[in-house]
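# Descriptive structure summary
If you want the building blocks of each chain, they are given just below.
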Amino acid sequence: MLVLATFTGLASGALAQNLNDSSKQNDSLMTKRDSLSTVHLTTKILSKGTTSSDRIISIDQQVLKSFAGQSLASVLNQIGGIEVNGATGHPGQNSGLYVRGGNNRQVLVMIDGAVVNDPSSIATDFDLRLLAINQIESIDVIKGPSSVLYGSGAATAVIYIKTKAHKDQGISVNLEQVLGTNRGPNDDPLSGISRHSTLRVAARQGAWVFQAQASGRFTDGLSAVAAQDGEAALNPDEFSQTNGRFLIKYNPSEKWSMEQFVAYDFIRQDYDRFDYRDATFQSTSTLWRTGGSFYYNGRSSKYEFHDQWSQTERVINSDFPAVYKGLNYNADQFITTKWSDQLGTVIGTQGGWSAMDLAQAFGPDLPLSTSLRPADSRVYFLDPYLNTQWNWKEQWQIDAGLRWHHHQTYGNQLVYQLGGSYAWKSAQSQWQIFAKHGTSFIAPSLYQQFDPIYGNTDLLPEFNRTNEFGVEWRFSGQKISIQYFDRLEEQAVSFLLIDPEQFVYQYANNESLQKRRGLEADVILKMSQQANLTGHYTYIHSPDYDLLRIPPHKFNINANYTLSTEESIGIRWTWSNARMDQFFNANTFETESVSLPSYHWLEGVYQCQLSPNMSGVLAITNLLNQSAIPIYGYASQGRNVRLSLRWDF
């Protein structure tokens, strides 16, 4: 292990995080802007110039290959400014997505242009464990208030996932096999196993494209709950994942195209008791999705339509069995028009509905009884929106937008954004200052309203207001940027103790304003044609509220060195500051606070092209074998090795 770690200690395909543009923008601030035909419309960004006030991080296919056999949570946790709680724990651990001091409910996840979520979950969020990395072509992350363009709840970030689509004429076959270990910091080196298999077949004949993909993942050897001091090791908890997707696309010309897909995602996980004792509990999640897209390119405008229907079923087998079902439909259409070199607009309409079903039992031997039906929980929304971008002399840019959100329960709400930037050259340097103000509206989830035990139908919606500004400097391919933000939460929905004497908890609105502020710094250095380095620092502070499981300070450094056209090595390093967590003490019947220790997480990856049709990736995660505890009492991954082989025909 030591020899192998030394050999690959500098390894990984570094995250190609291109701030401000997701499609390799031109480094010069003063050059002519690209034509509309090359504008990256899937994120509704009108301009590719560096005067945009939106900071976009892009992860391309080459980087995603270096994460073969890992989870989507592991990828996102390497992005500066994002903390994915659970990424360093058991593969079946639920993921908490924290950006700028917020959590899952303030982050919008989109797949191929449509918002995806689970209406039956507490935060109406999307379960990141359900999506396999090998289905993804690229990931774009837009941090900051983005509710006008993407959805009223996009208060802290939008994660836009684009799945793979076959483009070349003829038939292609891709096969990938990943084998690795799955152990904790104190386990034997080969005590656990992780394996992952993928098969993808695609064909294009004329204007028609057909694509089918299936994958499976299995891990064993690591317990969900960590053994307490002096206790024997707990029984391992298995995790398995199955994914399938079929796509048909018709693309007769460059002017228009349309596509439709059907996807099936399934995960099964063993887990233990919430009082940190071993158990044989098990849960499954089944997700069916279908949807499509339509594109039309005009002379000076483009039209896009995306929709997606999903049904999620979560089955809990424990001392208190339950079955949760969530139904969701989301559609978004918009027209992007470039009226002149100075003026562009995005006009669109987004809408959808959601509902949930709940059946539960208050004992392992009792039958399930239906507590909530879709007809009693169904809600819909309809949102027209407009965003305008004005550019002047290739230096000034102003973005302004409005979204009128109509919610069946909470009526009409208005969210807006106003941003701008100014760019100039000084000697060989290029500078930019930027600022943005935006608002968001977040409706309480169906679970928070209608759960028979903890629900509260009198809940009010949450409102967010965010201000941000920063400066960026470029010089000979290098980039340094720093950004300050502050965010205010009003009427945030929290899980509160309503009756201390009877220990009654319920979801309720927090009457006090909750403030978040912080800094985000990014460095991109191209040291030579072969070597590059990116570094990210995030600082989060809340003056009046405890940030649970969110590190106040976090560093991410990614380095890459290209040995030849067939080989590259690199390294990924993350340092997370100590985080505060809370747990319920069954002995005192009180909620107690505890500090989770800081940790260093070091990964190395070696990538090579073994033949024209075969490539390989050797990765070691948690090289220092530190205990990166995600949640108090739960297990951390230790040092693990993965070998991936891929065949492309």
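Basis of the calculations
Numbers given for residues are sequential positions, taken from 1 along each chain in its written order. The predicted origin of the model limits local features to residues at a pLDDT of at least 70 and limits the giving and counting of side-chain atom pairs to 80 or more, whereas totals for whole chains, interfaces and linings rest on all residues. Hydrogen atoms and water are omitted, and side-chain values are computed over all heavy atoms in the structure. Secondary structure elements are defined from DSSP: runs of H or I of at least 4 residues count as helices, runs of E of at least 2 residues count as strands, and each element is numbered from the N terminus. Throughout, the radius of gyration refers to the C-alpha atoms, and the reference size of a globule is 2.2 Å times the residue count to the power 0.38. A 1.4 Å probe rolled over the protein chains alone gives each residue an accessible area, and that area as a share of the maximum for its type sets the label: buried under 20%, exposed over 50%, partly exposed in between. By definition, residues are in contact when any of their heavy atoms lie within 4.5 Å. DSSP-based pairing: two strands are paired if at least 2 bridges between them are found. Only rings of Phe, Tyr and Trp enter the pairing, Trp through its six-membered ring, and a pair is recorded when the two centres are within 6.5 Å. The plane angle decides the type: under 30 degrees is stacked, over 60 is edge-to-face, the rest tilted. Throughout, nonpolar core names a set of buried Ala, Val, Leu, Ile, Met, Phe, Trp, Tyr and Cys residues whose side chains join them through atoms within 4.5 Å. Here, a salt bridge means any side-chain nitrogen of Lys or Arg that lies within 4 Å of a carboxyl oxygen of Asp or Glu. A 3.5 Å cut-off defines polar contacts: any pair of N or O atoms within that distance qualifies, except that in protein one atom must be a possible hydrogen donor and the other a possible acceptor, and neighbouring residues in sequence count only when both atoms are side-chain atoms.

Attention shifts here to the overall build of the chain. For the chain, the count of helices and strands is six helices and 34 strands. Relative to a compact globule of 649 residues, whose C-alpha radius of gyration would be 26 Å, the chain shows 24 Å and is just as compact. In the chain, which comprises 649 residues, the proportion classed as buried is 57%. Across the chain, contacts joining residues at least 24 apart in sequence account for 63% of those joining residues at least 6 apart.

So, about the sheet that holds strand β1 (residues 55–59). Two modes of strand pairing occur in sheets, parallel and antiparallel, and in both the strands are linked by backbone hydrogen bonds. Within the open sheet, the five strands sit side by side as β1-β6-β7-β4-β5. Their pairing is mixed. Here the strands that pair on one side only, and so sit at the sheet edges, are β1 and β5 (114–115). The pairing of strand β4 (residues 107–111) with β5 spans two bridges and is classified as antiparallel. Residue pairing across strands places M110 opposite V115, the latter belonging to β5.

According to the stated counting rule, one finds 27 aromatic pairs in the structure shown. Between Y271 and F274, the ring centres sit 6.3 Å apart and the planes meet at 45°, which makes this aromatic pair tilted. Seen in terms of ring centroids, F441 and F463 are 5.7 Å apart; in terms of plane orientation they differ by 55°. Their pairing is tilted. Of this pair, F441 sits in strand β21 (residues 429–442) while F463 sits in strand β22 (residues 462–475); the two residues are 22 residues apart in sequence, bridging distant segments of the chain. Classification of F441 by relative accessible area gives buried; the value is 1%. Here F463 falls in the partly exposed class, since its relative accessible area comes to 26%. A network of ring pairs unites the aromatic residues W208, F210, Y250, W256, F294 and Y303 as a single cluster.

Counting residues in hydrophobic clusters, the biggest one holds 33 residues, and the most contacted among them are L76, I139 and I161. The set of elements that each furnish at least two residues to this core consists of β1, α2 (61–65), α3 (72–76), β2 (82–85), β3 (96–99), β4, β6 (136–143) and β7 (157–163). Of the residues forming this core, the biggest block, four residues, is contributed by α3. Y324, Y410, Y447 and Y507 belong to the second-largest nonpolar core, a separate cluster that totals 18 residues.

With that settled, consider the pairing of strand β13 (residues 281–297). Of the pairings in the sheet, the one linking strand β12 (residues 256–271) to β13 comprises 16 bridges and is antiparallel in character. The partner of F266 across the bridge, within β13, is T286. Direction of pairing for β13 relative to strand β14 (residues 301–317): antiparallel, over a ladder of 16 bridges. Directly across from Q282, in β14, lies its bridge partner N317.

All chains considered together, the criterion is met by 24 salt bridges. Taking the shortest distance from any N to any O, the salt bridge between K554 and E83 comes out at 2.8 Å. Of this pair, K554 sits in strand β28 (residues 553–562) while E83 sits in strand β2; the two residues are 471 residues apart in sequence, bridging distant segments of the chain. Since its relative accessible area comes to 3%, K554 is described here as buried. When the shortest N-O distance is used, the salt bridge between E489 and R487 registers 2.7 Å. Each of the two residues, E489 as well as R487, counts as buried. Bridged by salt links that share partners, the residues R105, E462, R487, E489 and R516 form one connected network.

Before going further, it helps to spend a moment on the environment of R579. Position of R579 among the secondary structure elements: in strand β30 (residues 579–585). Counting along the chain gives 66 residues from R579 to L513, while the straight-line C-alpha distance between them is 22 Å. A polar contact of 3.3 Å, which involves the side chain of R579, links it to the backbone oxygen of N577. Polar side-chain contacts of R579 include one of 2.9 Å to the backbone oxygen of I629.

Most peptide bonds take the trans configuration, and most residues that are not glycine carry a negative phi. The residue Y276 is not glycine, and still its phi comes out positive at about 70°. Structurally, Y276 is set in the loop between β12 and β13. Look at Y276 and you get buried, because its relative accessible area is 17%. A positive phi angle, close to 55°, is found at N622, a residue other than glycine. With a relative accessible area of 0%, N622 lands in the buried category.

Okay, the side chain of N464 next. Here N464 is to be found in strand β22. Assessed through its relative accessible area of 2%, N464 is described here as buried. Here the side chain of N464 touches E462 through a polar contact of 2.8 Å, side chain to side chain. If we skip the residues at most four places from it in the chain, N464 touches Q106, A155, G438, T439, S440, I442, R487, L488 and E489.

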